[in-house]
Amino acid sequence: MAHVSRGDTVVVTKGRERGKQGKIKRVLTAKGRVEIENVMMVKKHVKASQKDPQGGIKDIEGTVNISNVSLWCGTCSKAVRSKKVVDDAGKKSRACVKCDTTFPNPGM
Ligand SMILES: [Zn+2]
């Protein structure tokens with residue numbers, strides 16, 4: 001599994017969108033890329049279709065290389081690495097290596 005998953009709040013660490021934060025909408029495992037809310041917006045020309053009778057130019061999210069994003073820790077206010085933790089009930093989760101804040105489990 002990749003170091004980030006759908007639903008994670010991440011920050012872009014490299015490239016044009018460096019420093020931007022957002023929630024992962026989609027992980028394209030085969031391509032090694034992720035789609036993040038409001039990051040890497042691109043214009044897409046959409047032809048009018050039944051689904052979309054208007055067509056036109058839309059702003060959509062492009063993808064970012066998965067190795068260029070890091071998990072964002074709101075407590076530390078920075079990009080961090082996560083570690084695996086197991087609670088008393090045996091439930092696995094991920095926590096910030098710096099401040100031990102647990103991250104919500106991926107929405108898969
Ligand atoms: Zn932290």
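So, a few notes on the structure that sits alongside this text. (Residues numbered from 1 in each chain as written. Predicted model: local features only at pLDDT ≥ 70, side-chain atom pairs only at ≥ 80, totals over all residues. Heavy atoms only, no water.)

**Let's talk about the coordination of the zinc ion**
By definition of the ideal shapes, a tetrahedral metal site with four donors has angles of 109.5 degrees and an octahedral site with six donors has angles of 90 or 180 degrees.
Inference 1: The coordination sphere of the zinc ion, as far as protein atoms go, consists of Cys 73 (SG), Cys 76 (SG), Cys 96 (SG) and Cys 99 (SG), spread over 2.2 to 2.3 Å.
Inference 2: Seen from the zinc ion, its four donor atoms lie at angles of 104 to 114 degrees, and the figure they make is tetrahedral.
Inference 3: Read from N- to C-terminus, the donor residues coordinating the zinc ion fall into the pattern C-x2-C-x19-C-x2-C. Separated by 23 residues along the polypeptide, Cys 76 in the loop between β7 (69–73) and β8 (78–80) and Cys 99 in the loop between β10 (92–96) and β11 (102–103) bring together distant segments of the chain.
Inference 4: According to the relative accessible area criterion, Cys 76 is partly exposed, its value standing at 23%. (Donors = N, O, S within 2.8 Å, 3.2 Å for Na, K, Ca; no water. Tetrahedral: all angles 85-135°; square planar, octahedral: opposite > 155°, others 65-115°. Helix = DSSP H or I, 4+ residues; strand = E, 2+ residues; numbered from the N terminus. Buried < 20%, exposed > 50% of the residue type's maximum accessible area, 1.4 Å probe, protein only.)

**Focus: the sheet that holds β10**
In a beta sheet, neighbouring strands pair by backbone hydrogen bonds and run either parallel or antiparallel.
Inference 1: In space, the three strands of this open sheet follow the order β9-β10-β11, with antiparallel pairing throughout. Looking at the sheet topology across the chains shown, the edges are occupied by β9 (82–86) and β11.
Inference 2: Pairing geometry for β10 and β11, over two bridges, is antiparallel. Bridging across to β11, Ala 95 finds its partner in Thr 102. (Pairing = 2+ DSSP bridges.)

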